Structures are given as structure tokens and as C-alpha cells.
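A closer look at the structure
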Amino acid sequence: MAEPEAFVPLNAEVAPQLALFGGGPRPPVKTTVAPPAVAPGARTTGLPAPHREINTWCNREVGANTVREATIDQLERSIEVPQAKLDEIARRRAKRAS
């Protein structure tokens, strides 16, 4: 017959739960910082800033209504859309620099 496993006490932090019953310290207050209205670097790259605008632009370029409804081919082409725009921007910058 096998011996029963030994009892192993758990190390539980109970202070946050005590606040539920009117005792113990208050739980920490979580603060959030709002994201910037325009993504950093958006004005310098020439790309639309927020990700929703970029997704909308890519979807429009490949003919997809939404990412969820897009075909695999459309999703693969949507990867190439911003890359082509970035390549175009890099070529213009290199041309200006020379």
C-alpha cells in the first residue's frame, strides 16, 4: 500500500483578500497612461500613425473588408504593402541625401 503524500503548506498572500472583509491594507491603485494621439515617428515615416489606420489602409490596398474576412493571399499581400511604402520612403531619403 502506498503512503499518502506529505502535506505541503502553501505560501499565500492573504493581505489583499483581507480588504474584502474591511481589514488589511488597500489594494494598490493601477494607473494607466493614455497612448499618444499620433504614434512616435509617424510624421517622419509618412505612414498613417495609429494601427487601425494602417490596418484599414492595408486592407483597402489588398481588397479585404476586414482581417478576419481576408484570404491567406490577401494577408500575405498586406505584409508587402507597408514594406513597399517604407522602401519607397527610404529611396526618396537616399536620393535627397546624395
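Here is a short report on the structure shown in this document. Here the structure is a predicted model, which means the values were calculated and not measured. Every chain is numbered independently, its residues counted from 1 as its sequence is written. Totals for whole chains, interfaces and linings use all residues, but because this is a predicted model, local features are given only for residues with pLDDT of at least 70 and pairs of side-chain atoms are given and counted only at 80 or more. Based on all heavy atoms of the structure, the side-chain values leave hydrogens and waters out of the count.

**Structural notes on the overall build of the protein**
Only DSSP runs of H or I with at least four residues qualify as helices, and only runs of E with at least two residues qualify as strands; both kinds are numbered from the N terminus onward. Broken down by element type, the protein carries 4 helices and 0 strands. Scanning the protein from its N terminus toward the C terminus, one meets helices and strands in the order α-α-α-α. Across the 98 residues in the protein, those meeting the buried criterion constitute 14%. Here a residue-residue contact requires only that any non-hydrogen atoms of the pair lie within 4.5 Å. Restricting the contact set of the protein to residue pairs at least 6 apart, pairs at least 24 apart contribute 30%. A 1.4 Å probe and the Shrake-Rupley method give the accessible areas. Residues count as covered only by the protein chains that appear here. As displayed, the protein has an accessible area near 9,000 Å², and 58% of this comes from carbon and sulfur atoms. Partly exposed describes any residue whose relative accessible area lies between the buried limit of under 20% and the exposed limit of over 50%, with all areas from a 1.4 Å probe on protein chains only and scaled to the type maximum.

**Quick word on the pattern of salt bridges**
Working definition: two side chains of opposite charge can pair if their charged atoms are close together. When a carboxyl oxygen of Asp or Glu lies within 4 Å of a side-chain nitrogen of Lys or Arg, that pair is called a salt bridge. Applying the stated criterion across every chain, the model contains 3 salt bridges. Across the pair Asp-73 and Arg-77 runs a salt bridge whose closest N-O atoms are separated by 3.1 Å. Taken together, the positions of Asp-73 and Arg-77, both in helix α4 (residues 72-97) and 4 residues apart, correspond to about one turn of that helix. Given the relative accessible area of 44%, Asp-73 is considered partly exposed. The class for Arg-77 is partly exposed, based on a relative accessible area of 33%.

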